[in-house]
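Next come the chains, spelled out residue by residue.
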Amino acid sequence: MANEVLVSLDIGTSQIKVVIGEITEDRLNIIGVGTAKSKGIKKGGIVDIDKAVQSIRAAIESAERMIDMQIHSVIIGYNGNQVELLPCQGIVAVPNDDKEINDEDVLRVIDNAKVISYPPDREFLDLVIKQFIVDGLAGINDPRGMIGVRLEMEGTIMTSSRTMIHNTTKCVERANLDIQDQVLQPLAAGSIALSEDEKELGVALIDIGGGTTTVSIFDDGQLKGTRVIPIGGENITKDISYGLKTSFEEAEQIKIKHGYGYFPDANEEEQFEVKAIGTEDISTFNQKDLSDIIEARLEEVFVLVAKEISKYGYRDLPGGFVLTGGTMLMPGALELARDLYQGNVRVAVPDYIGVREPQYTPGVGILKFAYDNAKIQGKPLRDAVSDQAQYEERPVKKDKLKQPKQQKSTKPKKSKDENKESGVAKLFKVFFD
Ligand SMILES: Nc1ncnc2c1ncn2[C@@H]1O[C@H](COP(=O)(O)OP(=O)(O)OP(=O)(O)O)[C@@H](O)[C@H]1O
Ligand SMILES: [Mg+2]
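Residues numbered from 1 in each chain as written. Chains lettered and ligands numbered in written order. Predicted model: local features only at pLDDT ≥ 70, side-chain atom pairs only at ≥ 80, totals over all residues. Heavy atoms only, no water.

- If you check an unreviewed UniProt entry, the chain appears there as Cell division protein FtsA from Halolactibacillus halophilus.
- Database annotation for the chain, UniProt heading Subcellular location (unreviewed entry): "Cell membrane".
- UniProt's Function (unreviewed entry) comment on the chain is quoted here verbatim: "Cell division protein that is involved in the assembly of the Z ring. May serve as a membrane anchor for the Z ring." (UniProt positions renumbered as here; feature names shortened; annotations may be inferred.)

### Remarks on the site of ligand 1
Alright, step 1. Around ligand 1, the structure places 20 residues, and the nearest of them are Thr-13, Ser-14, Thr-212, Glu-252 and Lys-255.
Alright, step 2. In this structure, an oxygen atom belonging to ligand 1 sits 2.9 Å away from a main-chain N or O atom of Gly-211.
Alright, step 3. The contact in question runs from an oxygen atom of ligand 1 to an N or O atom on the backbone of Thr-327, over 3.3 Å.
Alright, step 4. Compared with its free state, where it exposes 650 Å², ligand 1 has 88% of that area covered by protein.
Alright, step 5. Contributing elements (two or more residues each) for the shell around ligand 1: strand E2 (15–24), helix H6 (233–243) and helix H7 (248–258).
Alright, step 6. Element by element, the count of residues in the shell around ligand 1 is highest for H7, at 3 residues. (Near = heavy atom within 4 Å. Polar contact = N/O pair within 3.5 Å; in protein donor to acceptor, adjacent residues only side chain to side chain. Areas by Shrake-Rupley, 256 points an atom, 1.4 Å probe, with all protein chains shown as cover. Helix = DSSP H or I, 4+ residues; strand = E, 2+ residues; numbered from the N terminus.)

### What about helix H3 (residues 162–174)?
Within an α-helix, residues lying three or four positions from one another point in the same direction, as the helix has 3.6 residues per turn.
Alright, step 1. Compared with an ideal rise of 1.5 Å per residue, which puts 13 residues at 18 Å, H3 spans 18 Å between its outermost C-alpha atoms and is within 8% of the ideal.
Alright, step 2. Looking only at H3, the buried set comprises Met-164, Ile-165, Asn-167, Thr-168, Thr-169, Cys-171, Val-172 and Arg-174.
Alright, step 3. Downstream of H3 by one or two residues, Asn-176 has phi in the positive range, about 65°. (Expected span 1.5 Å × (residues − 1). Buried < 20%, exposed > 50% of the residue type's maximum accessible area, 1.4 Å probe, protein only.)

Rendered as structure tokens:
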């Protein structure tokens, strides 16, 4: 597996992100990125296949321009929405006991572990291996080259909703891309955002994106669970748009230019003008006014995250809280989280040139995770790109598909008084009630 080029696809609510990585001598280097504004995606789910296909193509083409190659296959990342984790076990006899265990035996034991019946609305998403056992000897990471008569495997199977997998697969295929592999984004993000120690001790990985916040808990080195909360950075933008009576687009720009997530540190001197929607009236606001709106929504997100964590029965996470996702670009958001969680809190960004921003954590993680997983499982990964010249135009396929029902977006608003309620007090309630 030397010098392969792999491409990940993160279909986010705000942005489609395509990351191109090259594996050289077992090391990942990022060689290109492409992004496009998402259309047809709400709260992390595809609600309009045609629009989603166009957005995926736009992101792929922007990545292709960067490396001047044609992308023909991708590794898809699935967010934790409706994902279930099931423990699985496989067992096979090694045909010839003086023969070493090889790739084929490993693939057979994995296939054996996959033989689980799922309810009709669920579909296989991915499998991760916890350990191999050779003739009763447990704790083996890679059994190849060992001698034994009985090979066992223990791991976790991830399943997702059949509709979600179907819609995503359709979109990617209609964007004229082959699906090289599919992985669970929280696991993928965890592979680059978390240390082995954090995963052993117990840690929460919190990805605050545009339409969703994904909370994933790792403990004893394993992913224990993942939940998707349907609130993200777009809700902050909507709140600003209502609060300052301006359009969503202008509110988004104001958020990015002047936004501050921690009210006590916001700067009253930083002032900006806003044109009220439908009129010529111009009003002046300062960063404190803006932070008042932003902090309230961020605080709500952090409180909901704490509630999800407590549902898993965790009262203490010695590995702390690791925050990522585009919304963590907001200055002051980390300070607010530190104030609320009172524990070790940090922001994770991929440590690779060209993608050092938190919205790329899942996309980069997908590449590392899929490569490592393929290596353990002995699955071949093919080069995902080829020279432009070798490929003819690959237009978007035109077949019409039935659209899934539009999801209702939630728009909880808070009163001014609620906004100023102490976050620490709220969190205390969540954890210890
Ligand atoms: N400088 C910034 N300050 C604050 N927020 C930002 C900044 N830059 C981007 N964002 C916000 O980050 C969000 C997008 O993040 P990200 O790309 O991680 O989401 P996504 O993956 O598209 O969505 P999801 O994961 O919810 O499906 C948007 O709401 C955007 O407004
Ligand atoms: Mg995302």
